[in-house]
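Residue-level listing of the chains:
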Amino acid sequence: MFGLTCLIAGCSGGPSAVVPSVRHYAHPGDADALAEIVAYSSRSRTKLPPDYVLGRLRQRGGVPVIDAAFDRVVAHDTPATRSELLRAIELDFVHRADTSSLDLVGTELGERFRSFDWQHEDYPGGDEGPNEMYAGTLADALDGVTPERRANRAAVAVIVRDEATPELWEYMLGQWREVPGEPRREGEGNWKLNRHAVGAYVEMREAAARDGVDLTILSGHRDPRRARENAARVGNSFAVASFSSHSLGLAIDFELPRPDGETSDDEDAGGRFRLSTRPMSAVVDMRRSPVHKWLHLYGREFGWYPFQHEPWHWEYNPPGFRAVFFDEFPGGPPQRDAASVAGT
Ligand SMILES: [Zn+2]
């Protein structure tokens, strides 16, 4: 354990010695100690739980890219080589079939959520399932990994229902832009998003592609005028459907491909998870999609945040975005008090 002692106390002298930035390890035992140190000191650099990182580092001979990155840390332990190692472990995590975003809440708790005997109706809302409260627990646990920032709800909202005057709707619709490379059905043009969300999304899509992950929009904008008409037609005068983050141009429903090389019995789904809120076990399983795992690890860097109950639904609402969203609206964002966002 000579190397471990050096790492903590420094090798070249007493307590005042400067810890060298590059260390060399001669003994295999030192590599084991280093694996533990990397795993348990990496919380600020990765969302992967320490025990997951350690598990991967102990499986030497398993994943060549990780092995090579770890060898570089063993040879030269620097912040840069450690970052490269953690990135290699993250990308392997994203693409593996046996991992899930639920592992990010901690491997033990994640495994409990994954192997739990979910019943068909346990998804919140609609007919009540016997374990519905645990679906809420699952969402809360994921919120500890990547917190929601809903664009249409609560204090962080860009806009809440009561603020949506006709002038504001007109302004919001005027801010929509087509997203390059994301066609809707034949002859309907591309999906649209708020102009700020478009740039952030395209940048994110390119970053994901570099990591071997294809982001594809299944559903983007939802025209509030059409949604209002539909709601009125079915006798819903409150037009519940018309105030969604999709109608603000700030939400995407993503396709969720299965892990690389995995096929399903469901031929119609074509290599993707079928997106549905029933059965609950399917909603749990689709968190194995590389897209979902990648978004949980990196989406926030591009301003995109989850809606925990729906793995496919992500919203653009980075901190400070409300002011940006209203920068061309006369008078700026509507005045807001606590009462106007309570219970929304
Ligand atoms: Zn959605």
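Worth saying up front: this structure is predicted, and the values here are computed from it rather than measured. (Residues numbered from 1 in each chain as written. Predicted model: local features only at pLDDT ≥ 70, side-chain atom pairs only at ≥ 80, totals over all residues.)

Caption draft 1: Summary view of helix H7 (residues 132-143). With 12 residues, H7 extends 17 Å between its outermost C-alpha atoms, agreeing within 8% with the 16 Å of an ideal straight helix rising 1.5 Å per residue. Buried residues of H7: Ala135, Leu138 and Leu142, and no others. Buried residues of H7, seen end-on, are gathered within an arc of 55 degrees and therefore sit on one face of the element. Counted as exposed and oriented over 90 degrees from the buried face of H7: Met133 and Asp140. Residues of H7 that are buried in the fold lie against helix H6 (107-115) and helix H11 (280-285). (Helix = DSSP H or I, 4+ residues; strand = E, 2+ residues; numbered from the N terminus. Expected span 1.5 Å × (residues − 1). Buried ≥ 20, exposed ≤ 12 C-beta atoms within 10 Å, placed from the backbone. Arc of directions from axis to C-beta. Contact = placed C-beta atoms within 7 Å.)

Caption draft 2: Helix H12 (residues 290-298), seen in detail. Counting buried positions along H12 yields 8 of 9 residues, so the element is predominantly enclosed. Of all the positions in H12, only Pro290, Val291, His292, Lys293, Trp294, Leu295, His296 and Leu297 are classed as buried. In this fold, the buried residues of H12 make contact with helix H5 (79-95), helix H9 (195-210), strand S4 (251-254), strand S5 (304-307) and strand S6 (310-316).

Caption draft 3: The sheet that holds S4, seen in detail. Within the open sheet, the 4 strands sit side by side as S3-S4-S6-S5. Their pairing is antiparallel. The open sheet has two edge strands, strand S3 (217-219) and S5, and neither has a second partner. For this sheet, the mean inter-axis angle between neighbouring strands, taken without regard to orientation, is 45 degrees. The pairing of S5 with S6 spans 4 bridges and is classified as antiparallel. (Pairing = 2+ DSSP bridges. Axes fitted to C-alpha atoms, helices over the stretch in contact; angles between N-to-C directions.)

Caption draft 4: Geometry of the packing of H5 against H12. H12 packs onto H5 with a crossing angle of 145 degrees between their chain directions and a minimal axis gap of 7 Å. Listed contacts from H12 to Glu90, Phe93, Val94 and His95 of H5 are Pro290, Lys293, Trp294 and Leu297.

Caption draft 5: Looking closely at the nonpolar core. Core analysis: the largest hydrophobic core is formed by 69 residues, its most contacted members being Val38, Val53, Leu85, Val158 and Phe254. Broken down by element, this core gets its largest block of residues, 7 residues, from H5. Counting contributing residues per domain, this core is built from domain 1 (20-95) and domain 2 (146-341), each supplying no fewer than three. Setting aside residues up to four positions removed in sequence, Leu85 forms contacts with Val38, Ala69, Phe70 and Val73. (Core = buried A, V, L, I, M, F, W, Y, C linked by C-beta atoms within 7 Å. Domains from an automatic or database assignment.)

Caption draft 6: Spotlight on the pairing of strand S2 (residues 190-194). Most of S2 sits out of view: 4 of its 5 residues are buried. Relative to S2, strand S1 (residues 176-183) runs antiparallel, the two sharing 4 bridges. Each residue of the ladder has a partner; that of Arg177, found in S2, is Leu193. What sits between the antiparallel neighbours S1 and S2 is a turn of 6 residues, in which Gly187 has the positive phi angle 75 degrees.

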